[in-house]
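# Architecture at a glance
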Amino acid sequence: ERIPQFTRIEAGERLEGIVHEDAEEVIEEYETLSKTNQYQDRLLAGLEPVDLACKGHRKGEFWVHCAAPGHLKTSFALNYAYNNSAIYKKNILYIILEMPYTQLRKQLYAIHSSHGKFVTEWYRDDGYLGIDYRKIRDGELTPKEFERFKIVARDFKETVAGRLYIWRPAEEVTIDDIRRKAEGFHYRFGCNGIVIDHLGLVSPKRHNQNYVVELNQIVRDTRIMALNFARGNSVPILSLFQINRQGLLKADKNNGVYDISAISYANEVEKSADKITTTYLNKELRDKGMFLIGCLKNR
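Quick summary incoming for the structure in this document. Throughout this document, residue positions are counted from 1 along each chain, in the order its sequence is written. Only residues with pLDDT of at least 70 get local features here, since the model is predicted, and only at 80 or more are side-chain atom pairs given and counted; chain-wide, interface and lining totals rely on the full set of residues. For side-chain calculations, the full set of non-hydrogen atoms in the structure is used, while hydrogens and water are omitted.

### Notes on the overall build of the protein
- Regarding its fold elements, the protein presents 13 helices and seven strands.
- In this description the radius of gyration comes from C-alpha coordinates, and the expected globular size is given by 2.2 Å times residues to the power 0.38. Whereas a compact globule of 299 residues would reach a radius of gyration of roughly 19 Å, the protein reaches 21 Å, a difference of no more than 12%.
- Principal axes of the C-alpha set define a box for the protein whose edges measure 70 × 45 × 35 Å.
- For every residue, the accessible area (1.4 Å probe, protein chains only) is compared with the maximum for its type, and the residue is labelled buried under 20%, exposed over 50%, or partly exposed between those bounds. Considering the protein as a whole, with its 299 residues, one finds that 43% of them fall into the buried category.
- Any pair of residues with heavy atoms lying within 4.5 Å of one another is described as a contacting pair. Across the protein, every contact between residues at least 6 apart in sequence was considered, and the portion connecting residues at least 24 apart equals 68%.
- Residues counted as positive are Lys and Arg, residues counted as negative are Asp and Glu, and His and the chain ends are not counted. Every charge is mapped to an atom, namely NZ of Lys, CZ of Arg, CG of Asp or CD of Glu. For the protein, the centre of its 44 positive side-chain charges and the centre of its 41 negative side-chain charges are spaced 4 Å apart. We count a stretch as a helix when DSSP gives it H or I for four or more residues in a row; a strand needs E for two or more, and each element gets its number in order from the N terminus.

### Overview of the packing of aromatic side chains
- Two aromatic rings, drawn from Phe, Tyr or Trp (for Trp, its six-membered ring), form a pair once their centres lie within 6.5 Å of each other, and the interplanar angle then sorts them: stacked below 30 degrees, edge-to-face above 60, tilted otherwise. Across all of its chains, the model carries nine aromatic pairs by this definition.
- Ring centres of Trp-63 and Phe-76 lie 6.0 Å apart, and the angle between their planes is 65°; on these two criteria the pair is classed as edge-to-face. Remark: Phe-76 occurs in helix H4 (residues 73-87) and Trp-63 occurs in strand S1 (residues 62-67); sequence separation between them is 13 residues.
- For Trp-63, a relative accessible area of 1% corresponds to the buried category.
- Taking the centre distance of 6.0 Å and the plane angle of 50° together, the rings of Tyr-82 and Phe-156 count as tilted. With Tyr-82 in helix H4 and Phe-156 in helix H8 (residues 143-159), this residue pair connects regions lying 74 residues apart in the sequence. For the residue pair Tyr-82 and Phe-156, the accessibility class agrees, reading buried in each case.

### Topic: the sheet that holds S1
- Judged by pairing direction, the sheet is mixed, and its seven strands sit side by side in the order S3-S2-S4-S5-S1-S6-S7 without closing on themselves. Edge positions in the sheet fall to strand S3 (164-167) and strand S7 (292-298), since each has one partner strand and no second. In this sheet, adjacent strand axes meet at a mean angle of 20° when their direction is disregarded.
- Here strand S6 (residues 275-280) runs beside S7; their pairing, made up of six bridges, is antiparallel. Within S7, the position partnered with Ile-276 by the bridge is Lys-297.
- In this analysis, axes come from line fits to C-alpha atoms, helices being fitted only over the stretch in contact, and the angle between any two N-to-C directions falls in the range 0 to 180 degrees. Across the sheet, H4 lies against S1, strand S2 (92-96), S3, strand S4 (193-197), strand S5 (237-242), S6 and S7, angled at about 170° from S5, the strand it touches most.
- This element, helix H5 (residues 101-112), spans S2 and S3 of the sheet and lies at about 150° to S3. Here the rule is simple: two strands pair whenever DSSP picks up at least two bridges between them.

### Structural notes on the pattern of salt bridges
- Should a side-chain nitrogen of Lys or Arg be within 4 Å of a carboxyl oxygen of Asp or Glu, the pair is scored as a salt bridge. One pass over the structure, following the stated rule, counts 18 salt bridges.
- Note that Arg-137 and Asp-138 form a salt bridge whose closest N and O atoms lie 3.0 Å from each other.
- Judged by relative accessible area, which is 43%, Arg-137 ranks as partly exposed.
- Put simply, Arg-179 and Asp-176 hold a salt bridge, and the shortest N to O gap is 3.9 Å. Highlighted residues: Arg-179 and Asp-176, both in helix H9 (residues 175-189), separated by three residues, approximately one helical turn.
- According to the relative accessible area criterion, Asp-176 is partly exposed, its value standing at 24%.
- Within the structure, one salt-bridge network assembled from shared partners comprises Arg-58, Glu-61 and Lys-275.

### As for the nonpolar core
- Core analysis: the largest hydrophobic core is formed by 39 residues, its most contacted members being Ile-178, Ile-194, Ile-196, Leu-199 and Phe-241.
- Where this core is concerned, the elements lending two or more residues are S1, S2, H9, S4, helix H10 (211-232), S5 and S6.
- Element by element, the count of residues in this core is highest for H10, at seven residues.
- Non-local contacts of Leu-199, meaning those with residues more than four positions away in its chain, are made with Phe-62, Ile-175, Leu-215, Ile-218, Val-219, Thr-222, Ser-239, Leu-240 and Phe-241.
- Counting residues in hydrophobic clusters, the runner-up holds 23 residues, among them Ala-45, Cys-54, Phe-76 and Ile-92. To form a nonpolar core, buried Ala, Val, Leu, Ile, Met, Phe, Trp, Tyr and Cys residues must be joined to one another through side-chain atoms within 4.5 Å.

### Comments concerning H4
- With 15 residues, H4 extends 21 Å from end C-alpha to end C-alpha; this agrees with the ideal 21 Å at 1.5 Å per step.
- In terms of residue burial, H4 counts as a mostly covered element, since twelve of its 15 residues are buried.
- For H4, the set of buried residues is Lys-73, Thr-74, Phe-76, Ala-77, Leu-78, Tyr-80, Ala-81, Tyr-82, Asn-83, Asn-84, Ser-85 and Ala-86.
- Of the residues one or two after H4, Lys-89 is the one with positive phi, at around 65°. Under the convention used throughout, the expected extent of a helix is 1.5 Å for every residue step, that is, one less than its residue count.

### A few points about the environment of Tyr-82
- On the basis of relative accessibility, which here comes to 4%, the residue Tyr-82 falls in the buried class.
- Along the primary structure Tyr-82 and Phe-189 are separated by 107 residues, whereas in three dimensions their C-alpha atoms are 17 Å apart.
- Once you skip the residues sitting within four places of it in the chain, Tyr-82 turns out to touch Ile-87, Leu-108, Ile-111, His-112, His-115, Phe-156 and Leu-164.

Encoded structure:
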């Protein structure tokens, strides 16, 4: 009879109980929530239309962001990671599986260069909106831009209150490997959120001749990790996922709007994810500096 109390002490979260006996606890839980910042324990995408619709990314939720190659998957994830660590003071673990650590680092410093405090200070001079990542990447900043970049970099170091930790594994990793790394980070600093970039590059625990079976198992393992992270404490996880070619062709004909068939080759995504969002680009949108964002699921 006392097992529910024990599991709560062990995990820090309520894991079981007789639900109709929890009336007073449910009332107290609501009163606490209504009198405090509702987003205090949630992560935000940093894009107002998304955050208004989704009401934040809660503990234990599994969010999958889907797009075709080159359609802003990593940009979306970096914006999410940057805003939650730099603006909302959360500790984020970002697992990158397809590019070097230093490349991702440069992108984050470029994002910080677009912070409003720099735009407000420098816009009058030359229409400043941020430093071009490609110029940082290729060493082509003008002397004036380089002086600004040094100010941005040092400000990033001094003002970011949350920890944004990037991990690029030196070899193939499974979800179990990611969980162990994340829990080590959690017990040292406290982990408020995890980003996996991207799920298609995670290795299965057990190899199967059927790629779809392997991929569905990876998706399911990620969903379970979000719920059971740190002995039941739970954590929000944002994972990136690649749209199939047929889905992209259909979106091209449908003004950039995807349907769920775009991820049908891994049907576990539709079942396991709490939120599924998409980004879409074509030449016309890119030339205008715009993109489309859509939502396939919001549980």
